[in-house]
Amino acid sequence: MTLDIDALADTLVAARDAGKPVTELPGATGPEATARNGFRVQQEVIRRLVDRGDRVAGFKLGNIAKAMQTQFGVDEPDYGYLLASQFHPENLAIARSGFIHPYVELEPAFVLKADLGGPYVTAADVISATDYVVPALEIIDSRVRDWRIGIFDTLADCGSSGGVVLGAQPRALSEVNLSDMPGEIRLDGAVVAQGNTRAIYGNPVSAVAWLCRRVADYGVTLRSGDVVLPGSCLAAARLHTPGTVTGGFAAWGEVGFELAPG
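Because the structure is a prediction, the values reported are computed rather than measured. (Residues numbered from 1 in each chain as written. Predicted model: local features only at pLDDT ≥ 70, side-chain atom pairs only at ≥ 80, totals over all residues. Heavy atoms only, no water.)

## Comments concerning the packing of aromatic side chains
Item 1. Inspection of the entire model under this criterion finds eight aromatic pairs.
Item 2. Ring plane angle 20° and centroid distance 6.0 Å describe the contact between F39 and Y81, whose orientation is recorded as stacked. Taken as a pair, F39 in helix α2 (residues 35-51) and Y81 in strand β2 (residues 78-83) lie far apart in primary sequence, 42 residues in all.
Item 3. Using a relative accessible area of 0% as the deciding quantity, one classes F39 as buried.
Item 4. Members of the aromatic cluster, joined through ring pairs, are F39, F59, Y79, Y81, W210 and Y218. (Phe/Tyr/Trp six-rings, centres within 6.5 Å; stacked < 30°, edge-to-face > 60°. Helix = DSSP H or I, 4+ residues; strand = E, 2+ residues; numbered from the N terminus. Buried < 20%, exposed > 50% of the residue type's maximum accessible area, 1.4 Å probe, protein only.)

Put into structure tokens, the structure is as follows:
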């Protein structure tokens, strides 16, 4: 069976609009359910959402840490576009009803001051292109029921992206030690996940370089002004009920939001 990119995009956009998951994506278990085809579906989903008035604001890398691959049953990283509509102000309310089955992750967000891309991007290139980094919480969500996903599903579903909250403590890369920075997530003050940025491919800078080289296969270049999420430094925490969500890095800063019931 030939994979129907348009039909898959229809399915995923409809699931986003309705806030209801699909049981499975058509063709997700067939021989054409490859990473490349999953990304083709994603690009069509993004094209449709941008045509409706949204805009691309960055890119994400997911499941780069072993803890995340184990948690969600995938054996390679995923990646996807971030849309402006997915960014939320810190310390304000985000409605739980806007998501299907959300989890939250902690990561350092890179903001670029120059374009960055190509098959030979190095850590030095990432350092040169980075304007600053800020603490960030990413809400991940799947439009496939109960997170029954493989690499094709999550790539088609835009890397299972849901929302992003950026902190307001910008630092130059020279001011933080991203190769060894502890972090934690707290729900209503209770620690629910802990990790270290070295779990992000040894150093998040290297993870961003990996991302650039990978998406170069699709002709994608990260752009000046993009927000780039390199992946979580800890296992994602499920967002069960409303409450205060806080993420923080030692000797850097915190970022948080209120998960509201409505």
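There is more to say, and it comes next.
## Describing helix α6 (residues 204-215)
One turn of an α-helix holds 3.6 residues; hence residues three or four places apart share an orientation.
Item 1. Counted at 1.5 Å a residue, the expected span for α6 with its 12 residues is 16 Å, and the 17 Å between its end C-alpha atoms agrees.
Item 2. For α6, the tally of buried residues reaches nine of 12 residues, placing the bulk of the element in the interior.
Item 3. Inspection of α6 places P204, V205, A207, V208, A209, W210, L211, C212 and V215 among the buried residues, and these make up the whole buried set.
Item 4. Residues of α6 that are buried in the fold lie against β1 (56-62), β2, β5 (103-112), α4 (123-129) and β10 (227-229). (Expected span 1.5 Å × (residues − 1). Contact = heavy atoms within 4.5 Å.)

## Comments concerning unusual backbone geometry
With the exception of glycine, the majority of residues adopt a negative phi angle, and the majority of peptide bonds are in the trans configuration.
Item 1. With a phi close to 55°, S160 is a non-glycine residue in the positive phi region.
Item 2. Following the sequence through the fold, S160 ends up in the loop between α5 (151-156) and β7 (161-166).
Item 3. Taking relative accessible area as the criterion, S160 reaches 3% and is therefore assigned buried.
Item 4. One non-glycine residue, A251, lies in the positive phi region at around 60°.
Item 5. For A251, the location among the structural elements is in the loop between β12 (243-249) and β13 (253-260).

## With respect to the environment of Y103
Item 1. Position of Y103 relative to the elements: it lies in strand β5.
Item 2. Between the C-alpha atom of Y103 and that of R238, which follows or precedes it by 135 residues, the distance is 4.1 Å.

## Things to note about the pattern of salt bridges
Item 1. The tally for this structure, following the rule as stated, stands at 14 salt bridges.
Item 2. Between D17 and R52 there is a salt bridge, and its shortest N-O distance comes to 2.9 Å. A residue pair is termed long-range when its members are at least 10 positions apart, and D17 in helix α1 (residues 5-18) and R52 in the loop between α2 and β1 qualify at 35 residues. Neither residue differs from the other here; D17 and R52 are each classed as exposed.
Item 3. For R47, the salt bridge identified is with E44, shortest N-O distance 2.6 Å. Here R47 pairs with E44, and both are found in helix α2, just three residues apart, close to one helical turn.
Item 4. For R47, a relative accessible area of 40% translates into the label partly exposed.
Item 5. For E44, a relative accessible area of 15% translates into the label buried.
Item 6. Among the ionic contacts, a cluster of salt bridges with common partners joins D6, D10, E44, R47, R48 and D51. (Salt bridge = Lys/Arg side-chain N within 4 Å of Asp/Glu carboxyl O.)

## Digging into the sheet that holds β13
Item 1. Strand order in the open sheet formed by five strands is β4-β13-β12-β8-β9, with mixed pairing between adjacent strands. Single-partner strands in this sheet number two, and they are β4 (93-95) and β9 (190-196). The sheet shows a mean angle of 25° between the axes of neighbouring strands, taken without regard to direction.
Item 2. Pairing geometry for β12 and β13, over seven bridges, is antiparallel. Looking at β13, one finds that T246 is bridged to G256. (Pairing = 2+ DSSP bridges. Axes fitted to C-alpha atoms, helices over the stretch in contact; angles between N-to-C directions.)

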